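For reference, the chains in residue letters:
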Amino acid sequence: HIDKIIEIIRTSSDSNVVKQQLSSEEYGFSIEQIDAILSLRLGRLTSLEEEKLRQEHNQLSIDITSCKNILNDNSLVNDIIKSELKELSTKYGQPRRTEIESGSTAIIN
């Protein structure tokens with residue numbers, strides 16, 4: 001996609017044409033994303049930057065898949081919650097400072 005986007009930027013007569021093309025259903029960029037793309041200098045979109053972008057995209061895709069898997073599995077959600085609660089208990093847990101006694105007590109005004 002990045003080659004097509006660069007071609008659109010280079011061949012368009014002005015930024016409004018670029019915005020119109022990049023906001024189409026084919027690309028689906030938001031106005032904020034298009035503004036960010038247009039603010040980039042094309043020199044930064046070299047093959048090195050392109051490779052970094054691809055690596056970031058791949059990592060984000062992996063993260064998204066992982067998050068979707070977690071959300072679709074209640075037992076996994078519960079395991080994560082238990083694990084995080086144990087970590088918090090270990091980090092911040094302190095023994096109880098007050099005693100709890102059985103029996104009823106009345107509050108008198």
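Here, the structure is the one placed above.
Parameters at a glance
Residues numbered from 1 in each chain as written. Predicted model: local features only at pLDDT ≥ 70, side-chain atom pairs only at ≥ 80, totals over all residues. Heavy atoms only, no water. Helix = DSSP H or I, 4+ residues; strand = E, 2+ residues; numbered from the N terminus. Buried < 20%, exposed > 50% of the residue type's maximum accessible area, 1.4 Å probe, protein only. Contact = heavy atoms within 4.5 Å. Areas by Shrake-Rupley, 256 points an atom, 1.4 Å probe, with all protein chains shown as cover. Salt bridge = Lys/Arg side-chain N within 4 Å of Asp/Glu carboxyl O. Axes fitted to C-alpha atoms, helices over the stretch in contact; angles between N-to-C directions. Parallel < 35°, antiparallel > 145°, perpendicular 65-115°, else oblique. Left-handed = near helix turned anticlockwise from the far one by under 90°. Patch = residues over 30% accessible without salt bridge, like charges linked within 9 Å, V, L, I, M, F, W, Y side chains within 5 Å. Core = buried A, V, L, I, M, F, W, Y, C linked by side-chain atoms within 4.5 Å.

## Thoughts on the overall build of the protein chain
Part 1 of the reasoning: Within the protein chain one finds 5 helices and 0 strands.
Part 2 of the reasoning: Mapped from its N terminus to its C terminus, the protein chain presents α and β elements in the order α-α-α-α-α.
Part 3 of the reasoning: By residue count, 12% of the 109 residues in the protein chain fall in the buried class.
Part 4 of the reasoning: Across the protein chain, the fraction of contacts at a sequence separation of at least 24, relative to all contacts at a separation of at least 6, is 32%.
Part 5 of the reasoning: Counting every atom, the protein chain has about 9700 Å² of accessible surface; 51% of that belongs to carbon and sulfur.

## What about the pattern of salt bridges?
Part 1 of the reasoning: Applying the stated criterion across every chain, the model contains 2 salt bridges.
Part 2 of the reasoning: A salt bridge links lysine 4 to glutamate 26, with the nearest nitrogen and oxygen atoms 4.0 Å apart. Note that lysine 4 is positioned in helix H1 (residues 2-11) and glutamate 26 in the loop between helix H2 (15-22) and helix H3 (31-39), a separation of 22 residues in sequence.
Part 3 of the reasoning: Here lysine 19 ties to aspartate 35 by a salt bridge, and the two come within 3.4 Å at their closest N and O atoms.

## Observations concerning the packing of H1 against H2
Part 1 of the reasoning: Where H1 meets H2, the closest approach of the two axes is 8 Å, and the angle between their N-to-C directions is 150°. Between H1 and H2, the angle is such that the two are roughly antiparallel. Remark: the crossing between H1 and H2 carries right-handed chirality. In this structure, H1 uses Ile5, Ile8 and Ile9 to contact H2, whose residues at the interface are Val18, Gln21 and Leu22.

## Thoughts on a nonpolar patch on the surface
Part 1 of the reasoning: Side chains of Ile81, Leu85, Leu88 and Tyr92 sit close together on the surface and give an oily, nonpolar patch of about 430 Å² of accessible area.
Part 2 of the reasoning: By the secondary structure assignment, tyrosine 92 is in helix H5 (residues 74-92).

## Some words on the nonpolar core
Part 1 of the reasoning: One finds Ile5, Ile8, Ile9, Val18, Leu22, Tyr27, Ile34 and Ile37 forming the largest nonpolar core, which totals 8 residues.
Part 2 of the reasoning: Mapped by element, the contributors of at least two residues to this core are H1, H2 and H3.
Part 3 of the reasoning: Per-element tally for this core: the top contributor is H1, with 3 residues.
Part 4 of the reasoning: For isoleucine 5, the contacting residues outside a window of four places in its chain are Leu22, Tyr27, Phe29 and Ile37.

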